[in-house]
Amino acid sequence: MNLRVGVDLGATKIQTLLVADDDSIVARKRRATPVMGGPDAVLAAVQETIEQLLARADQPASAISTIGIGAPGQIDAAAGVVLQAVNVAGWDQPVPVAEIVGEMFGVPVALTNDVQASMVAEHRLGAGRGRANLLGIFCGTGVGGGLILNHELWVGAGAAGEIGHTVIVQDGNQCGCGRRGCLEAYAGRGALEQIARDHHAAGHKTALFALMEEQGRSRLTSRVWLDACLQRDELALELIAQAARAVGTAAGSAANLLDVDCVVIGGGLATRLGDHFLNDVRIAAQPVLLRSDVANRIVLSELGDDCGALGAARIAGDRLAQR
Ligand SMILES: [Zn+2]
């Protein structure tokens, strides 16, 4: 059998898929991303997860033709190097991911930005099927973006689609990238956690941190945010509403510029919060949009947690076919 491996290498989890030629999923395996040990620990975890994935499907390593990896941050796709991924602990220097993982399994490895990979999957198989022009806004630990224009992934000079670092508030909140007022500083899970911690330290009542401990977590996961919202926790509701407003403002502005057929909202946080979050995003986009009917073209990702890994596997297959 000719199989491909897709890896979504995220700041919080490593999601791997074994994918057949027709893009059907043969097996999946996920684990938490190591927070200690930097790139060495993370890439060892990727190796282990792929080995477990193959064992689960009862396939030898020789069954895989290629590996596709979607990673957050700035990527040199041609060189297979993650230049910088500020949301992944210890990834502040370039890491030659494609070369390292390629040596582990003896197959070619294609590296892509994670949200760009997700948008390739949504365009082929998900919410953007049959549409020519798409913008993706993915809220996870950070906020990533991806653009499909005329059915092709648009990378610009290499780093296009970074809607997370589009400024939505002049002189606004400090962002992890060092600038101020970026979308990510309002709608990334990392930024939201920092804001919640500051409020908590200042004496605001919230169930967020008790829920986090109950669930055995050290960080505010998407699940914790969802549970707090379901309990009508005031701080959680307020911060998530603010995040949705920020995403809606950015989505509306970008739609005015690009007039895309559809804006796909995805990522762990948005996917977990689902329709309520989407609704708030649409409401926030409405006053920003030159053409108000466009708000209905803002939709949720259909592929959820599989999105990035599926897209990465597809891109790897396409690159191999071009050789
Ligand atoms: Zn930024």
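Residues numbered from 1 in each chain as written. Predicted model: local features only at pLDDT ≥ 70, side-chain atom pairs only at ≥ 80, totals over all residues.

So, on to the pairing of strand E9 (residues 143-149). Of all seven residues that make up E9, six are buried, and the element is covered over most of its length. Joining the antiparallel neighbours strand E8 (residues 134-139) and E9 is a turn of three residues. By the bridge criterion, two bridges tie E9 to strand E10 (residues 152-153) in an arrangement that is antiparallel. Its bridge partner being in E10, Ile148 is matched across the sheet by Leu153. In this structure, the hairpin formed by E9 and E10 is closed by a connection of two residues, where Asn150 is found at a positive phi of approximately 55 degrees. (Buried ≥ 20, exposed ≤ 12 C-beta atoms within 10 Å, placed from the backbone. Helix = DSSP H or I, 4+ residues; strand = E, 2+ residues; numbered from the N terminus. Pairing = 2+ DSSP bridges.)

A sheet is described by the order of its strands in space; here five strands give the open sequence E3-E2-E1-E4-E7, paired in mixed fashion. With one partner strand each, in any of the chains shown, strand E3 (25-32) and strand E7 (109-113) form the two edges of the open sheet. Within the sheet, the average angular offset between the axes of one strand and its neighbour, ignoring direction, is 15 degrees. Where strand E4 (residues 64-71) and E7 come together, five bridges link them in parallel fashion. (Axes fitted to C-alpha atoms, helices over the stretch in contact; angles between N-to-C directions.)

Moving on, we come to the nonpolar core. Ranked by internal contacts, the top residues of the largest apolar core, which has 97 residues, are Ile69, Ile137, Leu183, Ala243, Val247, Ala251 and Val263. In terms of residue count, helix H8 (residues 234-258) provides more of this core than any other element does, 11 residues in total. Looking at which domains feed residues into this core, each of domain 1 (3-118 + 306-322) and domain 2 (130-302) gives three or more. Aside from chain neighbours lying at most four places away, what touches Leu183 is Val143, Ile163, Gly164, Thr166, Ile168, Ala246, Val247 and Ala250. (Core = buried A, V, L, I, M, F, W, Y, C linked by C-beta atoms within 7 Å. Domains from an automatic or database assignment. Contact = placed C-beta atoms within 7 Å.)

Let's shift gears to the sheet that holds E9. With mixed pairing, five strands are arranged side by side in an open sheet as E10-E9-E8-E11-E12. Single-partner strands in this sheet number two, and they are E10 and strand E12 (298-300). Bridge count between E8 and E9: six bridges; the pairing is antiparallel. Paired with Phe138 across the bridge in E9 is Gly144. The sheet strands contacting H8 are E8, strand E11 (262-266) and E12, and the helix crosses E8 at an angle near 165 degrees.

With that settled, consider the domain arrangement of the protein chain. By domain assignment, the protein chain separates into domain 1 (3-118 + 306-322) and domain 2 (130-302). For domain 1 and domain 2, the distance between their C-alpha centres works out to 24 Å. Contacts between the two partners involve 12 residues from domain 1 and, on the opposite side, 16 residues from domain 2. Ranked by residue count, the leading element in the side of domain 1 that touches domain 2 is helix H3 (residues 114-125), at four residues. Across the side of domain 1 that touches domain 2, the residue classes tally to five nonpolar, six polar and one charged. (Nonpolar A, V, L, I, M, F, W, Y, C, P; charged D, E, K, R; others polar.)

This paragraph deals with the packing of helix H7 (residues 222-230) against H8. Close contact between H7 and H8 brings their axes to 8 Å; oriented N to C, the two are set at 115 degrees. For the pair H7 and H8, the sense of crossing is left-handed. Here H7 contributes Trp225, Ala228 and Cys229 to the contact with H8, which in turn contributes Ala236, Leu237 and Ile240. Residues that form the contact of H7 with H8 fall into these classes: six nonpolar, no polar and no charged. (Left-handed = near helix turned anticlockwise from the far one by under 90°.)

Another point: helix H9 (residues 268-285). Over its 18 residues, H9 extends only 21 Å from the first C-alpha to the last, a length that falls short of the 26 Å expected when each residue adds 1.5 Å. Along H9, the sharpest kink reaches roughly 110 degrees, centred on Gly274. Burial in H9 covers these residues: Gly268, Leu269, Ala270, Thr271, Arg272, Leu273, Phe277, Val281, Arg282, Ala284 and Ala285. Summarising the contacts, the buried residues of H9 are in contact with E8, helix H5 (189-201), H7, H8, E11 and E12. (Expected span 1.5 Å × (residues − 1). Bend = angle between axes of the 7 residues up to and from the residue.)

Across seven bridges, strand E2 (residues 13-19) lies against E3 in antiparallel orientation. Residue pairing in the sheet places Gln15 in a bridge with Arg30 of E3. From the end of E2 to the start of E3, which pair antiparallel, there are five residues, and Asp23 there has a positive phi angle of about 70 degrees.

The backbone of Asn150 shows a phi angle near 55 degrees, a positive value even though the residue is not glycine. Examined against the element boundaries, Asn150 turns out to sit in the loop between E9 and E10.

Here the focus is H3. Relative to the 16 Å expected for 12 residues at 1.5 Å per residue, H3 spans 16 Å between its end C-alpha atoms, a close match to the ideal helical length. Most of H3 is tucked away, with 10 of its 12 residues classed as buried. Every buried residue belonging to H3 is among Asp114, Val115, Gln116, Ala117, Ser118, Met119, Val120, Ala121, Glu122 and His123, and all of these are buried.

This next bit is on the confidence of the model for the protein chain. Looking at the protein chain, pLDDT values average 94 and 100% of them are 70 or higher. Mean pLDDT values for the elements of the protein chain range from 89 in strand E5 (residues 74-76) up to 98 in helix H4 (residues 184-187). (pLDDT = per-residue confidence, 0-100.)

Put simply, helix H1 (residues 38-56) and helix H2 (residues 97-105) touch, their axes get as near as 11 Å, and they point 40 degrees apart. Relative to H2, the element H1 is oriented oblique. The element H1 and its partner H2 pack so that their crossing is right-handed. Contacts from Leu43, Val46, Gln47 and Ile50 in H1 reach Val97, Ile100, Val101, Met104 and Phe105 in H2. (Parallel < 35°, antiparallel > 145°, perpendicular 65-115°, else oblique.)

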